[in-house]
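# Coordinate inspection notes
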Amino acid sequence: MINTELDAAGVREPSLRQAYRQCRAVNARTGKTFFLATRMLAPRQRPAVHALYGFARRADDILDDFDSTRSVEDRGHQLHQLSTRLFNSLVENRPCDDDPALTAVVHTARKYQIGWDLFDDFLESMRMDLTVTDYPDRPSLERYMYGSAEVIGLQLLPVLGTVGPREDAAPFAAALGKAFQLTNFIRDVDEDLRRGRVYLPADELAAHGVDRDLLTWCQAKGRTDGRVRAALAEQHAITRAVYDKARPGIDALVPASRPCVEAALTLYSEILARVEALDFEIFGTRATVGKPRRVAVGVAGIGKAWVNRLRYGSV
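Attention here is on the structure that accompanies the text. Computed from a predicted model, the values in this text were never measured in an experiment.

On to the overall build of the protein, then. When helices and strands are counted, the protein shows 15 helices and 0 strands. Taken over C-alpha atoms, the radius of gyration comes to 20 Å for the protein, in line with the 20 Å a tight globule of 315 residues would show. Structurally, the protein occupies a C-alpha span of about 60 × 45 × 35 Å along its principal axes. A buried classification covers 50% of the 315 residues belonging to the protein. Taking contacts inside the protein between residues at least 6 apart in sequence as the whole, the part at least 24 apart equals 69%. Once the 43 positive and 42 negative side-chain charges of the protein are each reduced to a mean point, those two points are 8 Å apart.

Spelled out as structure tokens, the structure:
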């Protein structure tokens, strides 16, 4: 299968093919739902998506290897090295043959004309995670989410393809990335607290009488205080509105790419619905979409993708 994808993408050089293979393996191992979504894309699109995922995962692993004894300074140095090597290769055209993640993502960025600025913004948000543990208000959280989530949608957009100018579809792609991340922030309050982080605006929580101490109390007790429930309900409504903003952007994509994005939006929005169905009891319980439902959405999406590729041709 991977060789078919690489052939379809026009990747011929052996070392480059191996770099893409390694990115695909990372995606299959650590991003199972995301990997399933790539099966709905045309074969020639998939290697690029694996490369972008592989690079993002590389940066994320630097941050979140909490079993390591590495200090903040060590992690910061590693992120700086990653940023410098990507810049040197993508902008300065220096070789990076010893690093499969960089080799594949640089090839993808050049092929699809994905600018350095999007990678730079992403890495800046990753650097914020080294020292920023709370966000006082929504504008500060929005600044973080632009680099950590919105740019991911913008990086994927040229790979997915659009029916009109890319800039017209860009706001929808950014909104979808934001919606996915906001969903994670609500679902993962418990997990993020264990990592010393709160990714919800402090002033909006405070309006309901919620602060970090109350969240920590909920975590210790394994139940959601009524004030926290009200605050999470507000965050849920805000996130649902972001999904509503993003949804029309599916029609801005070429038909062959729509089933993939539609399936991803469906599954992630159902995680949000699951949080609400749990009455926001998120401490000690992780809201998930069951495997049968994921498979059903995936199979339906793959079927739609095949029909669209036959009807409209692959992109």
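Each pair of packed helices gets described by two things: the angle between the helix axes and the distance between those axes. Relative to each other, helix α13 (residues 226-246) and helix α14 (residues 258-277) sit at 165 degrees, their axes nearing to 11 Å. Taken as axis vectors, α13 and α14 run roughly antiparallel relative to one another. The handedness of the crossing between α13 and α14 comes out as left-handed. Of the residues in α14, those touching α13 at H236, T239, R240 and Y243 are L265, Y268, S269, L272, A273 and E276.

A negative phi holds for most residues other than glycine; trans holds for most peptide bonds. Phi is positive for D279, which is not a glycine, with a value near 55 degrees. With respect to the helices and strands, D279 occurs in the loop between α14 and α15 (291-312). In this structure, F280 takes a positive phi of about 65 degrees despite not being glycine. Among the structural elements, F280 can be located in the loop between α14 and α15.

We now examine the packing of aromatic side chains. Two aromatic rings are characterised by how far apart their centres lie and by the angle between their planes. For the coordinates displayed, the defined rule picks out 9 aromatic pairs. Ring geometry for Y135 versus Y144: centroids 5.5 Å apart, planes at 45 degrees, classification tilted. Residue class for Y135 comes out buried when judged on its relative accessible area of 2%. An aromatic cluster is present here, built from Y135, Y144, F185 and Y199 joined pairwise through their rings.

Time to look at the nonpolar core. Core analysis: the largest hydrophobic core is formed by 85 residues, its most contacted members being F55, L86, F119 and L215. A per-element tally of this core places helix α9 (residues 166-187) first, with 11 residues. With residues near it in sequence (within four places) discarded, L86 still touches F55, V91, L102, V105, V106, W116, F119 and L123. Of all hydrophobic cores here, the second largest spans 10 residues; its members include L6, A19, A51 and A104.

Here the focus is helix α7 (residues 116-131). For α7, which comprises 16 residues, the first-to-last C-alpha distance of 24 Å matches the rise-based estimate of 22 Å (1.5 Å per residue) to within 8%. If you check which residues of α7 are buried, you get L118, F119, F122, L123, S125, M126, M128, D129 and L130.

Along its 19 residues, helix α4 (residues 46-64) runs 26 Å from first to last C-alpha, staying within 8% of the 27 Å computed at 1.5 Å per residue. Counting buried positions along α4 gives 14 out of 19 residues, so the element sits mostly inside the fold.

Definitions and limits used
- Residues numbered from 1 in each chain as written.
- Predicted model: local features only at pLDDT ≥ 70, side-chain atom pairs only at ≥ 80, totals over all residues.
- Heavy atoms only, no water.
- Helix = DSSP H or I, 4+ residues; strand = E, 2+ residues; numbered from the N terminus.
- Rg over C-alpha atoms; globule rule 2.2 N^0.38 Å.
- Buried < 20%, exposed > 50% of the residue type's maximum accessible area, 1.4 Å probe, protein only.
- Contact = heavy atoms within 4.5 Å.
- Lys, Arg positive; Asp, Glu negative; His and termini not counted.
- Charge placed at Lys NZ, Arg CZ, Asp CG, Glu CD.
- Axes fitted to C-alpha atoms, helices over the stretch in contact; angles between N-to-C directions.
- Parallel < 35°, antiparallel > 145°, perpendicular 65-115°, else oblique.
- Left-handed = near helix turned anticlockwise from the far one by under 90°.
- Phe/Tyr/Trp six-rings, centres within 6.5 Å; stacked < 30°, edge-to-face > 60°.
- Core = buried A, V, L, I, M, F, W, Y, C linked by side-chain atoms within 4.5 Å.
- Expected span 1.5 Å × (residues − 1).

Everything listed here is a matter of coordinates, which is why it stays silent on function.
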